[in-house]
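So you can see what is in the structure, the chains are spelled out below.
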Amino acid sequence: MYRQLAGGVILGVALWLRHEPKTSNLLIQQIGDKQVPATFYIGIYIIIAVGAVMMFVGFLGCYGAIQESQCLLGTFFACLVILFACEVAAGIWGFVNREQVSKEIKQFYDEAYEQARSTKKEEYEKARPVIKVFHESLQCCKLDIRNLGDSLCPTGIMSEDCHKKIDELFQSKLHLVGIAAAVVAVIMIIEMIFSMVLCCGIRIYSVY
């Protein structure tokens, strides 16, 4: 039962990270045909998949233990090894891309910011709602954008570094992805140990 519970908790955390309002509002923005890079979601999708499969595999392990079936327990162990490999991949991805994610979002913001300062009305109209969402979600603003007359800064915010706010938001979320992956990995290692011990115990018992 704890296997399904662990899988459900992990799946819930991953889904929250995927649909958390502040992050989602930023990552659905686009200027024309160009959309915010969604690299951040890769690690989350891996955890969602692992959590869902882990819940299913948990039933296989429980049934195998009840039936004292070496075949089912062996299959359960093999599934855990594959899921563990996926978790390691997610952890490596998070470590390698911990700065790349923020960098891509900041580049998109800078492009939208420069376009919002354009003297061409068409470009300004495309970039304006994007900049407004970034500023309101992150509670940040640049002073020189107030020169446009139509302020795109949140009420009461005079000057806050948007790059810093982007770093803080996405690095904190990536830390949660890393923690979730680490917790899943520990649970899987424990489960693999128990499944092998049980499988060996059943084999010895069947001999005698």
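These numbers were taken from a predicted model, which means no experiment stands behind them. (Residues numbered from 1 in each chain as written. Predicted model: local features only at pLDDT ≥ 70, side-chain atom pairs only at ≥ 80, totals over all residues. Heavy atoms only, no water.)

## Considering the nonpolar core
Next, step 1: Formed by 45 residues in total, the largest nonpolar core has its most connected members in F40, I44, F134 and F170.
Next, step 2: Counting residues per element, the ones that place at least two in this core are α1 (2-19), α2 (21-27), α3 (40-67), α4 (70-96), α5 (100-116), α6 (121-138) and α7 (162-207).
Next, step 3: What F40 contacts, discounting residues up to four positions off in sequence, is L17, T23, L27, W93, V101, F170, K173 and L174. (Core = buried A, V, L, I, M, F, W, Y, C linked by side-chain atoms within 4.5 Å. Buried < 20%, exposed > 50% of the residue type's maximum accessible area, 1.4 Å probe, protein only. Helix = DSSP H or I, 4+ residues; strand = E, 2+ residues; numbered from the N terminus. Contact = heavy atoms within 4.5 Å.)

## A look at the UniProt feature "transmembrane region" (unreviewed entry) in the chain
Next, step 1: What UniProt calls "transmembrane region" (unreviewed entry) maps, in this numbering, to residues 40-66, 72-96 and 174-205.
Next, step 2: Annotated as residues 40-66, this span is 100% helix and 0% strand, and its ends, taken at the C-alpha atoms, are 40 Å apart.
Next, step 3: As annotated, residues 72-96 comprises 100% helix and 0% strand, and the C-alpha atoms at either end are separated by 36 Å. (UniProt positions renumbered as here; feature names shortened; annotations may be inferred.)

## A word on the packing of aromatic side chains
Next, step 1: Enumeration over the complete set of coordinates arrives at four aromatic pairs.
Next, step 2: Between Y41 and Y45, the aromatic rings sit 5.8 Å apart at their centres with planes inclined by 40 degrees, giving tilted as the arrangement. Of the two residues, Y41 and Y45 both sit in helix α3, four residues apart, roughly one turn of that helix.
Next, step 3: Given a relative accessible area of 6%, Y41 falls into the buried group.
Next, step 4: Every member of this aromatic cluster is reached through a ring pair, and the members are F108, Y109, Y113 and F134.
Next, step 5: A cation over an aromatic ring shows up here: R18 above the ring of Y41, its NZ or CZ 4.0 Å from the ring centre. (Phe/Tyr/Trp six-rings, centres within 6.5 Å; stacked < 30°, edge-to-face > 60°. Lys NZ or Arg CZ within 6 Å of the ring centre and 35° of its normal.)

## Considering the packing of α3 against α4
Next, step 1: Axis separation between α3 and α4 bottoms out at 9 Å; the angle between their running directions is 165 degrees. Of the possible angle classes, the one that applies to α3 and α4 is roughly antiparallel. Where α3 crosses over α4, the two elements pack in a sense that is left-handed.
Next, step 2: Within the contact of α3 with α4, the residues separate by chemical class into 19 nonpolar, five polar and one charged. (Axes fitted to C-alpha atoms, helices over the stretch in contact; angles between N-to-C directions. Parallel < 35°, antiparallel > 145°, perpendicular 65-115°, else oblique. Left-handed = near helix turned anticlockwise from the far one by under 90°. Nonpolar A, V, L, I, M, F, W, Y, C, P; charged D, E, K, R; others polar.)

## Describing the pattern of salt bridges
Next, step 1: Scanning all chains against the criterion turns up four salt bridges.
Next, step 2: One salt bridge connects K106 with D167, and the closest N-O pair in it is separated by 3.2 Å. Residue K106 is located in helix α5, and its partner D167 is located in helix α7; the two are separated by 61 residues in the primary sequence.
Next, step 3: Of the residues examined, K106 reaches a relative accessible area of 18% and is grouped as buried.
Next, step 4: For D167, a relative accessible area of 21% corresponds to the partly exposed category.
Next, step 5: In this structure, the salt-bridge partner of K132 is E136, at a minimum N-O distance of 3.6 Å. Of the two residues, K132 and E136 are both situated in helix α6; the distance of four residues between them amounts to about one turn of the helix. (Salt bridge = Lys/Arg side-chain N within 4 Å of Asp/Glu carboxyl O.)

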